[in-house]
Amino acid sequence: MSQLKILLDESDIPTQWYNIVADMPNPPAPPLGPDGKPIGPEALTAIFPMPIIEQEVSAERWIDIPEAVRDIYRMWRPSPLFRARALERALGTPAKIYYKYEGVSPAGSHKPNTAVAQAYYNQQVGIKRLTTETGAGQWGSALALAGQMFGIEVRVYMVKVSYEQKPFRRSMMQTWGAEVLASPTNLTNAGRKILAEDAASAGSLGIAISEAVEEAASRDDTNYSLGSVLNHVLLHQTVIGQEAKKQLEKVGDYPDMVFAPCGGGSNFGGIAFPFFADKAAGKQVRLVAVEPSSCPTLTRGQYAYDFGDTAGLTPLMKMYTLGHDFIPPGIHAGGLRYHGDSVLVSQLYNEGLIEAVAVPQIVTFEAGVIFARSEGIIPAPESNHAIRACIDEALRCKQSGEAKTLLFNLSGHGHFDMASYDRYFSGELEDYDYPEEAIARSMQNIPKIAGA
Ligand SMILES: *Cc1c(COP(=O)(O)O)cnc(C)c1O
């Protein structure tokens, strides 16, 4: 009988992060300032510590993971790789399905992989407080956990609609010592401006980012921390793919296709980029980012310079975007509601080196339930997107008789998202294709950059 759980020792935790920039055919498009000119690293020092800024712009293939960070990774890493035999049987597919399970972290997702590194580097330069935003609550939880481990105060601007809908995510952050505010607040200019226009605003990720960035930029003891999108975040997540490669090697396998849900791109980059290194060296492997059809950034957005937040406080980044004032519909995968995407993921997609698919909400939950009823683990709604795309491929294999090897990232568990499952079971979930007119409308507001 072959292994169901493929496990590694603590000594197998990677000692370095993999920087995909070294293997990309073209350097990443630089961030631009308000004048449309590339910004230097010094423009970021008001909100990020120097070691993080260096990683953000680095082209070195390997970057050492500090011992203090690896020490904390040891609490849950290496994470297990599973062979999904029960799911394969349930589908009747000849495909071999593997999944890497990141829900074993204390916060229940992959996000602590970067939160711990970010808290560490901020502590090293003497920062006492971190601000951040959270939508679904997973990133806020991860940073609360990491901040508490390094003695850093954490203030979380939580999108108001989730603050009200997910009280237990809030309690979780508070248990780890973080302060949680419902955004928009009246503590920042960005928040006050939104409230003046709409006192009942439900908030959005873009607004919460504006609030957190504004506060961090205005205080010397405070920095800002972002849970996705930026190059250093994807870098930190590459422990996932490095471990997965080692685990598959142990059982003599290699994936034909790798799937991950894609919000800002961090868990996708985390699992897929280490395989991209092989692809760059000539190996055949398909890397597929899976997004919701209600927030179809890669598949229907425009590849253009845009702001990372609603108020336009961040540098301009070249990415697939639905427009920075995009207010997503109330979909039930909160972690996949961002208007933009990682610059690295966007560029690779634009150059045809990775793939993207969008999946509708109802069949996505259906896939999650099929998975839970065969493999046991209840996936995060975000992870269900990768499961849907992987199941679709496994069913194509059933038709064609091909025995492909498929790998997906189970980015987190869904224990705090059972309300979304309730809505699926009671038939209240709807499929929602983001309308073309709405995309066109918010695309009119993206900045006009000469020559970009
Ligand atoms: C945040 C989150 C995502 C989406 O974010 P990425 O940066 O694209 O990875 C996916 N799954 C889970 C469980 C998350 O918490």
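Remember, predicted model here, so these are calculated numbers, not experimental data.

Trainee: How should the domain arrangement of the chain be read in this particular structure?
Mentor: Often, the extent of an interface is quoted as the loss of accessible area upon association of its parts. Partitioning the chain into domains gives domain 1 (22–66 + 111–231) and domain 2 (76–108 + 240–443). Relative placement of domain 1 and domain 2: their C-alpha centres are 22 Å apart. In this complex, domain 1 contributes 42 residues to the contact, which on the side of domain 2 involves 42 residues. Note on domain 1 versus domain 2: buried area summed over both sides is about 3,300 Å², and carbon and sulfur give 65% of it. Between Asp417 and Lys166 there is a salt bridge whose closest N-O contact spans 2.6 Å. Viewed at the interface, domain 2 and domain 1 are joined by twelve residue pairs in polar contact (both at pLDDT 80 or more). Secondary-structure elements contributing two or more residues to the side of domain 1 that touches domain 2 are helix 4 (112–124), helix 5 (138–149), helix 7 (167–175) and helix 9 (205–217). Sorting elements by how many residues they give to the side of domain 1 that touches domain 2 places helix 9 first, with seven residues. Across the side of domain 1 that touches domain 2, the residue classes tally to 26 nonpolar, twelve polar and four charged.

Trainee: Explanation requested: the packing of helix 4 against helix 5 in the structure shown.
Mentor: When two helices pack together, their arrangement is given by the angle between their axes and by how far apart the axes lie. Where helix 4 contacts helix 5, the two axes come as close as 8 Å, and the packing angle between them is 40 degrees. The orientation of helix 4 relative to helix 5 falls into the category oblique. The way helix 4 lies across helix 5 gives a crossing that is right-handed. Contacts from Pro112, Thr114, Ala115, Val116, Gln118 and Ala119 in helix 4 reach Trp139, Ala142, Leu143, Leu145, Ala146 and Gly147 in helix 5. When grouped by side-chain class, the residues that make up the contact of helix 4 with helix 5 number nine nonpolar, three polar and no charged.

Trainee: Looking at this structure, I do not really get the sheet that holds strand 15 (residues 405–410). What am I missing?
Mentor: Ordered in space as 1-4-5-15-10-11-14, the seven strands form an open sheet in which the pairing is mixed. Where the open sheet ends on each side, the last strands, each with one partner, are strand 1 (5–6) and strand 14 (355–359). Pairing of strand 10 (residues 257–261) with strand 15, which is carried by three bridges, proceeds in the parallel orientation. If you follow Val258 over to strand 15, its bridge partner there is Leu407. Running at roughly 150 degrees to strand 10, helix 16 (residues 381–400) makes contact with strand 5 (96–101), strand 10, strand 11 (286–292), strand 14 and strand 15 of the sheet.

Trainee: Sorry, what's going on with the packing of helix 15 (residues 361–375) against helix 16 here?
Mentor: Two elements in contact, helix 15 and helix 16, have axes whose closest approach is 8 Å; the angle formed by their N-to-C orientations is 85 degrees. On the basis of their axis angle, the class for helix 15 and helix 16 is roughly perpendicular. Of the residues in helix 16, those touching helix 15 at Val363, Thr364, Phe365, Glu366, Ala367, Gly368, Ile370 and Phe371 are Pro381, Asn384, His385, Ile387, Arg388 and Ile391. Considering only residue class, the contact of helix 15 with helix 16 consists of eight nonpolar, four polar and two charged.

Trainee: What should I look at first to understand the nonpolar core in this one?
Mentor: In summary, soluble globular proteins display a tendency toward joint burial of nonpolar side chains. Core analysis: the largest hydrophobic core is formed by 57 residues, its most contacted members being Trp17, Phe48, Val69, Tyr73, Val116, Met173 and Tyr224. Looking at which domains feed residues into this core, each of domain 1 (22–66 + 111–231) and domain 2 (76–108 + 240–443) gives three or more. When residues no more than four places from it in sequence are discounted, the contact partners of Val116 are Val69, Ile72, Trp76, Ala146 and Phe150.

Trainee: I keep staring at the side chain of His110 and nothing clicks. Help me out?
Mentor: Relative to the helices and strands, His110 resides in the loop between strand 5 and helix 4. Residue classification places His110 among the buried residues on the basis of a relative accessible area of 6%. Among all residues touching His110, those that are not within four sequence positions of it are Glu102, Gln237, Ile240, Ser266, Asn267 and Ser411.

Reading the values: rules and limits
- Residues numbered from 1 in each chain as written.
- Predicted model: local features only at pLDDT ≥ 70, side-chain atom pairs only at ≥ 80, totals over all residues.
- Heavy atoms only, no water.
- Domains from an automatic or database assignment.
- Contact = heavy atoms within 4.5 Å.
- Buried area = accessible area lost by both parts, 1.4 Å probe.
- Salt bridge = Lys/Arg side-chain N within 4 Å of Asp/Glu carboxyl O.
- Polar contact = N/O pair within 3.5 Å; in protein donor to acceptor, adjacent residues only side chain to side chain.
- Helix = DSSP H or I, 4+ residues; strand = E, 2+ residues; numbered from the N terminus.
- Nonpolar A, V, L, I, M, F, W, Y, C, P; charged D, E, K, R; others polar.
- Axes fitted to C-alpha atoms, helices over the stretch in contact; angles between N-to-C directions.
- Parallel < 35°, antiparallel > 145°, perpendicular 65-115°, else oblique.
- Left-handed = near helix turned anticlockwise from the far one by under 90°.
- Pairing = 2+ DSSP bridges.
- Core = buried A, V, L, I, M, F, W, Y, C linked by side-chain atoms within 4.5 Å.
- Buried < 20%, exposed > 50% of the residue type's maximum accessible area, 1.4 Å probe, protein only.

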